[in-house]
Amino acid sequence: MKNPQTFNLLPILALASFFIKISGLTSLRPVLTGPDKAYIRSRAAFRCIAPDSSLPVTYELMKDDGALMDTAPDLQDDQPAIFSLKVSAASEGSYHCKATTAGNTAVSNSIRLAVVTPPSNTHVTSEPFPPAAYEGSRVVLSCSVTKGSHLSFTWFFNRTQVTPSTSFFNLTENKLVMEQVTPEHAGYYSCMAWSWVQDTKRFSSSSEVQVTVKLYVSKPRISFSIFKDGDTYSGNVTCWSPRGSPPANISLSLEGKEVGSVTATESLAAWFLVAVVPGLDMGMIQCRVTTDVQDLMSEPVTLEVVPVGGDVKVEVEYLYRADSKLAATRLSCRVSRGTFPHVSWLLNNSVLPPETRQPGLHHYTLTDQRRSVILAKLGPEESGYYRCRARDSYDDSGPWVESAAVLVQVADRILNSMPPETSSTETPPTEFFMNTIEVVTITFCCFLFLMLGVGACCMYKMLDHKQDHAHIATTNCSPDALPLSVPVSQSGDDTLFIDCDVQNETAEITSLCFCSKESSQTILTRPVLFGPSEALVKSVVEFQCELKVYPENVAILFKLYKEDNRDKLLGEYTSLDKDAGSFPIVIRPYHEGPLECVAKAQNNSEILPTVSNTHYLKVVEPVKGAKISISSGQAEFFEGKTLELHCNLTAGNHVSYKWLLDGQPVSKSHFHYFVENRLLIYRTTSKDSGSYRCVASNTFNKTEVFTSESSEVVITVKDLVSRPNISFSVVKEGSHIYSALVTCQSTKGTPPVTFSLYNRTELVANITVDDRNATFKVPLILGHHLGWLQCQANNGDQTEYSHWIPLEVVPVGGPVTMHYDHDVGENYAVVGLRFYCKAEKGSLQRHQWFLNETLLHDRGSFYYVVHQPPEQSMLLLSVGRSSAGTYHCEVSDSFDNTTAIRSKRLYMDKEVLNRLPLPVVAVVFGCFSALVLLVTVCCVASVGWRKQHGGKTLTFEMEGMTVAEEDELDLSEYKEDADVVNAARGNESDQTSEASVDEWPLIEQEKKTLEDEPVEEP
């Protein structure tokens, strides 16, 4: 009989089994994990697991659009499903996992997978293009790629990273914005586009782009100088702007009319030649600078050159230290007239050289364009007579204008005893010297004032006659004496971080990843690729790839690719015995770049493949077939143009270039540039002519050098012909038959040169010569104006014109005048003479000097002849015994000496030159005689007046003298009785003394006696 309790337990067991099934169904909650980003052509691993499921589970990986991607059936014991997808562009989207068991189905969470395309062909674009803008403008740089997604961007300025905190820049997505550019923004810019997936970074860098910031041109300035060009003068006018960016058009206008224009490409400066006549106002000149956005004018300047002349004087200034000791002495030369003076200094008639090279003078400095001399020391060697002289700086043969000599010396008492309160620039007393005329003048003035004083005293005596007694006083008058890297293709260690979720535990693995002993999938360690870093084209090299840890009993397939190019397999190797993969390769140029090795378990999907770090291979192709091509055009051209040469190769890479001119290296300069295989020469001159060669070279492993040298290419740079000079001389061919030999000459230019002679608009003659000068013969009639002549010169590129000259020759005629001036020595005696000889008319004069009818040649012991054609000659004399005599000059035509005109004779010797002029003597002594006569008349008139007023007494009173009182006299010296004297004293106080006519001789005698007595002060 069965136990009834057994039947009672059956419902309970059935109910428990039901609840177990219900529990298994309700706990099915799959979880999907995997990456949110993956590189295209890589593999993405998703893992799906339904934890705590006791029944077999079938997992399906699906996209949200319903597409079934992969299936993992009947997995038990919480074994996760791992889905490995090869990522393509269509792989992007959301994924979820569906788990199914015993009629129960559940859906996991969704994961959004973004497909990342690494950047490639990164480059910088600009707005505006090209990247050049004026200061204050807006410039936008964009970092563009040919392909790439999910990118970030990094900018570099002059190879320094630009951060959001960097001033002057605004970073927006792939753009670098400069709102108002300044010169500080100019430089080289580059960008890097990059993407980051898990721990793998891929990036691409652009080449550098130069941004140019152009400056606005400032107001132009103008200046000019003058130089002598043969017999004429030319002005060199300089126009420039101190600020701005070329190119710009610079022009010069004279009186509102443009006379020259040039396009400045290197600097904002230009030079123009204009005709100038010293002493004449040529008009107003003005510079104009024009750019694409500006048009500016300079201030107008008067084009006038004033010759040196007028007064020249030396000013002396003594400079003292704080302790009142002499620090230096400054001498300044003041020229009253002259635009461009050239100043020379003389010490004791010896010219001071520009630098202190005299043994006896080591302490002076010339400053302010030689207009000032600073004496750092003032001793006996530096003391003496200083003079300055000036002439026009543009005419070396021009006359000098000299100052008077100034004695510069400091007495010991001034050097050592200068009072502290004296100003540091106070001028000490200067010793003066006077010539004979000045001495006579001063003496005469003193005598005149003395006579006037005596006359005034006489008149005072005659008018003051009302005094009772004669009071005599003397006045003593004393005068009072009153001073301032980004790594390219850097991808860090591509350490692969994989999350292995086993029983909710996470392991971070870098070498060999295994999830657990129960897990059936592993990931290989990262393979190591090694081999040569450089290789020659067509050579065979071997690369090897190996794993640090090999799985047991698994064949490993190694494959060699170029980075980011899995379509081109470079080699493969199967390792069966844990040996390294070997890839022998015949090198081709396309092999250059980063290589990578992919390690994959063969016929085992449970082991995931891995990729090595990149190994960069440099492929060297030896240089061959160097040849020069002239990209700028012809091999023969005129100066000023640009020469561009290219060094072309038939084979070779990683090449460096060297250029040779006539066997010597061409060095880089302001006008010589090297850009890759190009040589650029701007503003060529004849110095750039010669034989050019290029030498191309590259190296392999820094030990083997390959070179290729081109054949020679001859470049000829021809000089442009310069502005010709024109002049003529006259030859006599017979009686009254004359011809003009007109010479046209250029100082520069590559022959042959064609010279043409024009008389106004009519062509007289032309000739082509292998020289830079030509001579034309033109008939001439003396005394007639036959037109205006001009030379034109051309050597193939441009025509240059000379100035116009009149074809007129005036014979010598009229009187010949001779005058002179002199130089004065230290004692103010005449030491030198300058005679000038000039005829009234005559175009081509010849001058001859005679002393006592003896012809004086160009130079002698005491004279020097200086011809100043065409109108004047000068004879310089040193006054002495040998120079005494009678001088005259003769003037004749230089082309015909048959007729000469003589000047008047003039006798000169030392005594005559230093003799006091008779008019001066006559005037001085005439005035003296007149004064004496005036005083005599006054005295006679005084005597006559006295005789007419005989009863009155003339008294004299002298100031500054005290007469003793009578009661202070010693009465004992008198023999008269005291009572008598006292009585007489009392009577005299009440009486008025009157002198009769008979007493006048006694009064005069007494007055004379009193005036002769010494005066004593009380």
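As the structure is a computational prediction, the values presented were derived from the model and not from experiment. (Residues numbered from 1 in each chain as written. Predicted model: local features only at pLDDT ≥ 70, side-chain atom pairs only at ≥ 80, totals over all residues. Heavy atoms only, no water.)

### Looking at the overall build of the protein chain
Item 1. Each helix and strand in the protein chain was counted, giving seven helices and 74 strands.
Item 2. A total of 1018 residues make up the protein chain; the buried ones form 36% of that total.
Item 3. Surface summary for the protein chain: the accessible area is close to 59500 Å², and the carbon and sulfur share equals 53%. (Helix = DSSP H or I, 4+ residues; strand = E, 2+ residues; numbered from the N terminus. Buried < 20%, exposed > 50% of the residue type's maximum accessible area, 1.4 Å probe, protein only. Areas by Shrake-Rupley, 256 points an atom, 1.4 Å probe, with all protein chains shown as cover.)

### Some points on a positive patch on the surface
Item 1. Taken together, the side chains of R41, R43, K86, K147 and K600 define a basic patch exposed on the protein surface.
Item 2. If you trace the backbone, R43 turns up in strand β3 (residues 43-49). (Patch = residues over 30% accessible without salt bridge, like charges linked within 9 Å, V, L, I, M, F, W, Y side chains within 5 Å. Salt bridge = Lys/Arg side-chain N within 4 Å of Asp/Glu carboxyl O. Lys, Arg positive; Asp, Glu negative; His and termini not counted. Charge placed at Lys NZ, Arg CZ, Asp CG, Glu CD.)

### Describing helix α5 (residues 918-948)
Item 1. With 31 residues, α5 extends 45 Å between its outermost C-alpha atoms, agreeing within 8% with the 45 Å of an ideal straight helix rising 1.5 Å per residue.
Item 2. Looking at α5, one finds that the buried residues are L931, S942 and R946. (Expected span 1.5 Å × (residues − 1).)

### Structural notes on the confidence of the model for the protein chain
Item 1. Residues of the protein chain with pLDDT of at least 70 account for 80%, and the chain-wide mean is 80.
Item 2. Per-element confidence in the protein chain is highest for strand β55 (residues 690-700), whose mean pLDDT is 95, and lowest for strand β36 (residues 513-514), whose mean pLDDT is 39.
Item 3. For residues 465-519, every residue scores under 50 in pLDDT, and the model assigns this stretch 91 contacts once sequence neighbours within four places are set aside.
Item 4. A low-confidence stretch, residues 1006-1018 (pLDDT under 50), is modelled with nine contacts involving residues beyond four sequence positions or located in other chains. (pLDDT = per-residue confidence, 0-100. Contact = heavy atoms within 4.5 Å.)

### Section: the pairing of strand β50 (residues 643-648)
Along any regular strand the residues' side chains alternate between the sheet's two faces.
Item 1. Of all six residues in β50, five are buried; the element is thus mostly enclosed.
Item 2. Alignment of strand β48 (residues 627-630) against β50, held across four bridges, turns out to be antiparallel. Looking across to β50, one finds that I628 is bridged to C647.
Item 3. Sheet analysis places β50 next to strand β54 (residues 678-681), joined by four bridges and oriented antiparallel. Residue pairing for β54: L645 is matched across the bridge by L679. (Pairing = 2+ DSSP bridges.)

### Some thoughts on the state of the cysteines
Disulfide: a covalent bond connecting the sulfur atoms of a pair of cysteines.
Item 1. Under the counting rule described, the total for this entry stands at eight disulfides.
Item 2. Two residues, C143 and C191, share a disulfide whose sulfurs are 2.0 Å apart. Of note, the bridge from C143 to C191 carries an S-S torsion of about 75° and is right-handed in sense. In this pair, C143 is assigned in strand β11 (residues 139-144) and C191 in strand β16 (residues 187-197), connecting sequence segments 48 residues apart. The residues C143 and C191 share a single accessibility class, namely buried.
Item 3. Sulfur-sulfur distance for the disulfide between C545 and C597 comes to 2.1 Å. Looking down the S-S bond of the C545 and C597 bridge, the torsion is -100°, so its handedness is left-handed. Pair noted here: C545 is in strand β40 (residues 540-546) and C597 is in strand β44 (residues 593-601), with a separation of 52 residues, a long-range link. (Disulfide = S-S within 2.5 Å.)

### Let's talk about unusual backbone geometry
Item 1. For the peptide bond that leads from F129 to P130, omega is -5°, which places it in the cis range.
Item 2. Looking at the element boundaries, P130 is found in the loop between β9 (123-127) and β10 (132-134).
Item 3. Between P751 and the following residue, P752, the backbone shows a cis peptide bond with an omega angle of 0°.
Item 4. By the element assignment, P752 lies in the loop between β59 (737-745) and β60 (753-759).
Item 5. Backbone geometry at N603 places phi at a positive 60°, although glycine is not the residue there.
Item 6. With respect to the helices, strands and loops of the structure, N603 is situated in the loop between β44 and β45 (607-608).
Item 7. Under the relative-accessibility criterion, N603 is labelled exposed at 82%.
Item 8. Of note in the backbone geometry, H654 takes a positive phi value of approximately 50° without being a glycine.

### Quick look at the pattern of salt bridges
Item 1. Counted under the stated rule, the structure contains 29 salt bridges.
Item 2. The closest approach of N and O atoms between D295 and R288, which form a salt bridge, is 2.4 Å.
Item 3. Among the residues examined, R288 registers a relative accessible area of 37% and is labelled partly exposed.
Item 4. A single salt-bridge network, built from bridges that share partners, covers E853, E890, R902 and R905.

### Focus: the sheet that holds strand β43 (residues 581-586)
Item 1. Strand order in the open sheet formed by three strands is β38-β40-β43, and the pairing between neighbours is antiparallel. Edge positions in the sheet fall to β38 (528-530) and β43, since each of these pairs with one other strand and no more. On average, each strand axis in the sheet is tilted by 20° relative to the strand beside it, whichever way the strands run.
Item 2. Bridge count for β38 against β40 is three bridges, and the pairing is antiparallel. (Axes fitted to C-alpha atoms, helices over the stretch in contact; angles between N-to-C directions.)

### Quick notes on a nonpolar patch on the surface
Item 1. Taken together, the side chains of F925, F928 and V932 make up a nonpolar region of the molecular surface, amounting to roughly 280 Å² of accessible area.
Item 2. In this fold, F928 is placed in helix α5.
Item 3. F928 sits in the partly exposed class, given a relative accessible area of 36%.

### Quick word on the sheet that holds strand β14 (residues 170-172)
Item 1. Ordered by their spatial adjacency, four strands build an open sheet running β9-β11-β15-β14, and the pairing between neighbours is antiparallel. Looking at the sheet topology across the chains shown, the edges are occupied by β9 and β14. When strand polarity is set aside, the average angle formed by the axes of neighbouring strands in this sheet is 20°.
Item 2. Bridge count between β14 and strand β15 (residues 175-178): three bridges; the pairing is antiparallel. When the bridges of β15 are listed, T172 appears paired with K175.

### Notes on the packing of aromatic side chains
Item 1. Summed over all chains, the structure comprises 14 aromatic pairs.
Item 2. Here the aromatic rings of Y134 and Y216 are separated by 4.9 Å at their centres, their planes lie at 15°, and the arrangement is stacked. Placement of Y134 in strand β10 and of Y216 in the loop between β18 (209-214) and β19 (221-229) is noted, with a sequence separation of 82 residues between them.
Item 3. Three or more aromatic residues joined by ring pairs form one cluster here, namely Y820, F835, W849 and Y887.
Item 4. Lying over the aromatic face of W194, K201 brings its terminal NZ or CZ to 4.8 Å of the ring centre.
Item 5. One Lys or Arg, R202, reaches over the ring of Y39 and ends 4.9 Å from the middle of that ring. (Phe/Tyr/Trp six-rings, centres within 6.5 Å; stacked < 30°, edge-to-face > 60°. Lys NZ or Arg CZ within 6 Å of the ring centre and 35° of its normal.)

### Some remarks on the environment of F444
Item 1. When you line up the elements, F444 lands in helix α3 (residues 436-463).
Item 2. Accessibility expressed as a relative area gives 21% for F444, which makes it partly exposed.

### Re the environment of K777
Item 1. Along the chain, K777 turns up in strand β62 (residues 773-780).
Item 2. Its relative accessible area of 53% is what places K777 among the exposed residues.
Item 3. For the pair formed by K777 and V764, sequence separation is 13 residues and the distance between their alpha carbons is 9.7 Å.
Item 4. In contact with K777, not counting residues within four places along its chain, are E733, S739, A740 and L741.
Item 5. Of the polar contacts made by the side chain of K777, one reaches the side chain of E733; its length is 2.3 Å. (Polar contact = N/O pair within 3.5 Å; in protein donor to acceptor, adjacent residues only side chain to side chain.)

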